[in-house]
Amino acid sequence: MFSPIKTDKEYESYLEKVYELMQCHLTPNSIKFNELEILSVLVKDYEDEKFNLPPPSSLETIKFKMD
């Protein structure tokens, strides 16, 4: 049914589906709930791989918390 995301187009499509499912009142362990869970994991994996950001420096963290 779903496979790992390989392109930006697939990523956008999966994000749209995640958004759709999040607008519904899903019952835990239902088919739609499980679908949302699977899609969320696939999207997160893709984002981690594609948009891997370095952790902030200590100084940046302190400045952020001060704001």
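Before going into details, it helps to say that this report is about the structure given with it. All values derive from a computational prediction rather than experimental measurement. (Residues numbered from 1 in each chain as written. Predicted model: local features only at pLDDT ≥ 70, side-chain atom pairs only at ≥ 80, totals over all residues. Heavy atoms only, no water.)

### Considerations on the packing of aromatic side chains
Under the counting rule described, the total for this entry stands at three aromatic pairs. Relative to Y14, the ring of F2 lies with its centre 5.7 Å away and its plane at 80°, an arrangement referred to as edge-to-face. A residue pair is termed long-range when its members are at least 10 positions apart, and F2 in the segment before α1 (8-22) and Y14 in helix α1 qualify at 12 residues. Assessed through its relative accessible area of 28%, F2 is described here as partly exposed. For Y14, a relative accessible area of 11% puts it in the buried group. Relative to F51, the ring of Y11 lies with its centre 6.0 Å away and its plane at 55°, an arrangement referred to as tilted. Placement of the pair is Y11 in helix α1 and F51 in the loop between α2 (31-50) and α3 (58-66), with a sequence separation of 40 residues. Site record: aromatic cluster; members linked through ring pairs are Y11, Y46 and F51. (Phe/Tyr/Trp six-rings, centres within 6.5 Å; stacked < 30°, edge-to-face > 60°. Helix = DSSP H or I, 4+ residues; strand = E, 2+ residues; numbered from the N terminus. Buried < 20%, exposed > 50% of the residue type's maximum accessible area, 1.4 Å probe, protein only.)

### With respect to the nonpolar core
In terms of nonpolar packing, the biggest core is built from 10 residues, these being I5, Y11, Y14, V18, L21, L36, L39, L42, V43 and Y46. Contributing elements (two or more residues each) for this core: α1 and α2. By residue number, the principal contributor to this core is α2, which donates five residues. In this structure L42 touches F2, S3, P4, I5 and Y14, once residues within four positions along its chain are discounted. (Core = buried A, V, L, I, M, F, W, Y, C linked by side-chain atoms within 4.5 Å. Contact = heavy atoms within 4.5 Å.)

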